[in-house]
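One letter stands for each residue in the lines below.
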Amino acid sequence: MKTGFAKIPVQRSFCDGCSTKIGQELLKIANITNVRLYPTDALVIFNFKRANEVSDALNTLTALGFPPQGEKIRQTPLSITCAC
């Protein structure tokens, strides 16, 4: 089965600690591989097999406090408490 490629710019940059947490959480989603994080560019890149995995990743990023650019959020996420 072919894999897709997702390139998701998020609304704010993140530090190395946040980067580690984001990577760990994304890798928990089935069939997401090759997670690459670019903290200063606020960019998350990964491979996936099915479109619903991208949706799961977007939900995870939002829950962690790093929603994709253009997404409006109603509450301030509290999952990551970081000074970055």
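A brief report on the enclosed structure follows. The structure presented is a predicted model; accordingly, all values stated were derived computationally and were not measured. (Residues numbered from 1 in each chain as written. Predicted model: local features only at pLDDT ≥ 70, side-chain atom pairs only at ≥ 80, totals over all residues. Heavy atoms only, no water.)

1. Some words on the pairing of strand 2 (residues 33–38)
Part 1 of the argument: In the sheet, strand 2 pairs with strand 3 (residues 43–48) via 4 bridges, with the strands oriented antiparallel. The residue of strand 3 that forms the bridge with Leu 37 is Val 44.
Part 2 of the argument: Hairpin remark: strand 2 followed by strand 3, antiparallel, with 4 residues in the connecting loop; positive phi at Ala 42, about 55 degrees. (Pairing = 2+ DSSP bridges. Helix = DSSP H or I, 4+ residues; strand = E, 2+ residues; numbered from the N terminus.)

2. A word on helix 1 (residues 16–27)
Part 1 of the argument: Helix length check: helix 1, at 12 residues, gives a terminal C-alpha distance of 16 Å against a target of 16 Å (1.5 Å per residue), a fit within 8%.
Part 2 of the argument: Those residues of helix 1 that fall on the buried side of the exposure criterion are Cys 18, Ser 19, Ile 22, Gly 23, Glu 25 and Leu 26. For helix 1, the angular spread of the buried residues around the axis is 165 degrees, confining them to a single face. Among the exposed residues of helix 1, those oriented more than 90 degrees off its buried face are Asp 16 and Leu 27.
Part 3 of the argument: Looking at the buried side of helix 1, the elements it contacts are strand 2, strand 3 and helix 2 (51–64). (Expected span 1.5 Å × (residues − 1). Buried < 20%, exposed > 50% of the residue type's maximum accessible area, 1.4 Å probe, protein only. Arc of directions from axis to C-beta. Contact = heavy atoms within 4.5 Å.)

3. Thoughts on unusual backbone geometry
Across the chain, the bulk of peptide bonds are trans and the bulk of non-glycine residues have phi less than zero.
Part 1 of the argument: For Asn 31, which is not glycine, the phi dihedral falls at a positive 70 degrees.
Part 2 of the argument: Tracing the sequence through the fold places Asn 31 in the loop between helix 1 and strand 2.
Part 3 of the argument: The exposure class assigned to Asn 31 is partly exposed, which follows from its relative accessible area of 30%.
Part 4 of the argument: Its identity as a non-glycine residue notwithstanding, Ala 42 has a phi of 55 degrees, on the positive side.
Part 5 of the argument: Note on placement: Ala 42 falls in the loop between strand 2 and strand 3.
Part 6 of the argument: Taking the relative accessible area as the measure of exposure, Ala 42 reaches 8% and is therefore buried.

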